[in-house]
Amino acid sequence: MATSLRTKLKFTTTTLHHRRYSAASILNPDSRAALSSKEKSRAALTLLKSESDPTRILQICKAASLTPESHLDRIAYSKAINKLKSLNQTPKIRSFLQESATRPDLKSERAVAHFIVLYGQAGMVDEAVKTFEEMEGIPRTEKTLNSLLFACVLGKDYAKMKRVFVEFPKRYDLVPNLDTYNTVIKGFCESGSSSSVYSILDEMRRENVKPNAETFGNCITGFYKEGKYEDVGKMLVMMNEYNMAPGISTYNIRIQSLCKLKKSGEAKALLDGILSRGLKANRVTYGHLILGFCREGNLEEAKSMFRKMVNSGLKPDAECYFTMVYYLCQGRDFEAALKIYKRCLDDGWVPNFSTMKSLVEGLASIEKVDEAREVIAQVKEKISRNVEKWNEIEEALPKDVSG
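Residues numbered from 1 in each chain as written. Predicted model: local features only at pLDDT ≥ 70, side-chain atom pairs only at ≥ 80, totals over all residues. Heavy atoms only, no water.

Chemist: Can you walk me through the overall build of the protein in this structure?
Modeler: Of regular secondary structure, the protein possesses 22 helices and 0 strands. C-alpha extents for the protein along the principal axes are approximately 90 × 70 × 35 Å. Taking all 403 residues of the protein together, the buried fraction comes to 42%. Long-range contacts, defined as pairs at least 24 residues apart, comprise 61% of the intrachain contacts of the protein with a sequence gap of at least 6. Of the roughly 21600 Å² of accessible surface on the protein, 50% is carried by carbon and sulfur atoms. In the protein, the 62 positive side-chain charges and the 50 negative ones have mean positions that sit 4 Å from each other. (Helix = DSSP H or I, 4+ residues; strand = E, 2+ residues; numbered from the N terminus. Buried < 20%, exposed > 50% of the residue type's maximum accessible area, 1.4 Å probe, protein only. Contact = heavy atoms within 4.5 Å. Areas by Shrake-Rupley, 256 points an atom, 1.4 Å probe, with all protein chains shown as cover. Lys, Arg positive; Asp, Glu negative; His and termini not counted. Charge placed at Lys NZ, Arg CZ, Asp CG, Glu CD.)

Chemist: Please explain the side chain of Thr-285 as it appears in this structure.
Modeler: Position of Thr-285 among the secondary structure elements: in helix 16 (residues 283-295). Those residues in contact with Thr-285, other than ones at most four positions away along the chain, are Ile-248, Asn-252, Ile-255 and Leu-271.

Chemist: I'm lost on empty space enclosed by the protein in this one. Help?
Modeler: Rolling a probe over the atoms, with the probe sized like a water molecule, indicates the empty space that remains. Scanning the model with the defined rule gives 1 cavity of 30 Å³ or more in all. Quantified by volume, the largest cavity comes out at close to 40 Å³. In terms of lining residues, the largest cavity is bounded by Leu-338, Tyr-341, Lys-342, Glu-371, Glu-374, Val-375 and Gln-378. Those elements that provide at least two residues to the lining of the largest cavity are helix 19 (334-346) and helix 21 (369-382). (1 Å grid on protein atoms, 1.4 Å probe; cavity = no way out; pocket = protein on both sides within 12 Å on 5 of 7 lines; lining within 4 Å. Points joined across faces, edges and corners; volume = space filled by probe spheres on them.)

Chemist: Looking at this structure, I do not really get the packing of helix 14 (residues 248-260) against helix 15 (residues 264-276). What am I missing?
Modeler: Between two packed helices, the angle of one axis relative to the other and the distance separating the axes together describe the packing. Where helix 14 meets helix 15, the axes come as close as 7 Å, and the angle between the chain directions of the two elements is 160°. In terms of their interaxial angle, helix 14 and helix 15 are classed as roughly antiparallel. Helix 14 and helix 15 meet at a crossing whose hand is left-handed. For the pair helix 14 and helix 15, the contacting residues are Ile-248, Tyr-251, Arg-254, Ile-255, Leu-258 and Cys-259 in the first and Ser-264, Glu-266, Ala-267, Leu-270, Leu-271 and Ile-274 in the second. Along the lines of polarity and charge, the residues of the contact of helix 14 with helix 15 split into 9 nonpolar, 1 polar and 2 charged. (Axes fitted to C-alpha atoms, helices over the stretch in contact; angles between N-to-C directions. Parallel < 35°, antiparallel > 145°, perpendicular 65-115°, else oblique. Left-handed = near helix turned anticlockwise from the far one by under 90°. Nonpolar A, V, L, I, M, F, W, Y, C, P; charged D, E, K, R; others polar.)

Chemist: Would you take a moment to explain the environment of Phe-132 for this structure?
Modeler: Inspection of the secondary structure assignment puts Phe-132 in helix 7 (residues 125-133). Considering only alpha carbons, one finds Phe-132 and Glu-392, 260 residues apart in sequence, at a separation of 54 Å. Ignoring anything within four residues of it in the chain, the contact list for Phe-132 reads Ile-116, Arg-140, Thr-144, Leu-145, Leu-148, Phe-168, Tyr-172 and Leu-174.

Chemist: I would appreciate a short explanation of the pattern of salt bridges in the present structure.
Modeler: Close approach of charged atoms allows side chains of opposite charge to pair. The tally for this structure, following the rule as stated, stands at 24 salt bridges. Linking Lys-263 and Glu-266 is a salt bridge whose minimum nitrogen-to-oxygen distance equals 3.9 Å. Look at Lys-263 and you get partly exposed, because its relative accessible area is 28%. A salt bridge links Asp-347 to Lys-315; the nearest nitrogen and oxygen atoms lie 3.6 Å apart. Remark: Lys-315 occurs in the loop between helix 17 (299-311) and helix 18 (318-330) and Asp-347 occurs in the loop between helix 19 and helix 20 (353-365); sequence separation between them is 32 residues. (Salt bridge = Lys/Arg side-chain N within 4 Å of Asp/Glu carboxyl O.)

Chemist: For this particular structure, what's the right way to read the layout of surface pockets?
Modeler: Considered as a void within the structure, the largest pocket measures approximately 420 Å³ in volume. What lines the largest pocket is a set of 16 residues, among which Gln-98, Ala-101, Lys-107, Thr-131 and Glu-134 lie closest to the centre. Only helix 5 (90-101), helix 6 (109-121) and helix 7 provide two or more residues apiece to the lining of the largest pocket.

Right, here's the structure in full:
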């Protein structure tokens, strides 16, 4: 019997050691050393970016003991759910979130609110509602109500969003706040029902809940999307009634909306107007205009906007660089694309493989083979992936363009 007990204890110890080793080996295969919680989070996030095996995705998350209390972990959770959703792994998402919700260290309002949002992100709105309705030991609050409404919006179940908004505050004795109303307005505008925002704004006025820039920004986005320009004007008047002067964030929404409607010329005129009134644009403003003109095939205006941004002392972000290089290559303006790419590289970014392949092959097509080879060398030095593909592309380049 003593031998049996010793065997059992030895088995338990070995199992626990294996579990610890397993977690370390999953997140840090090159070392058995224990990782701190932050190191686990960073390792998990790095691994999740390139992982496509659903079982492995779950193993990484469990090994890292993710918690919604950590910003890095919230990003990792979101990345994992997106990956599993793209792989059509609904049962695995359900079991993973249910298992997470049973962890003793995750019995908090913040954790439950996050799991509700993740269900919405996965398109599992019924599960989000069920999680809210079956909360045990944690009081339902406006925070969890708002998470549920946001889950409905993320899952594009606008009918359920409306039902939750109408029924749940009364059922659970909750008082809608500004975040509640902003989420519902966002849902109405996304679903093509922007006219419904007027009843929400009336209710906010009755309940003494003052709208903010986000409120009107959502409304303006919705009205532009449906081509209701008169209603955009009404929102701007209403902002003045609340003594809210439109700032650059509001103008950025208007400029982006116009660009999406392929009215980048009107958006540029709007920019010129705000600059003449002394309001400063930011790189987001120019980014919207650059993308808008690129999509409309007006590369000269896009280049002009890029120059204007840089001359204003604003530094382009990665997305802006990538947009310019991609569309300039599409428009066969490879010399301009090369100049932008060099600036992009100086700032530490490299566009994706397909964009860079277009640039290299484009440069070769205009007899700039040396430049093409130089670009390949730079990309291989910066990014270890696709080296073999780059070698093949380089091998296919003309050997001698002088003859």
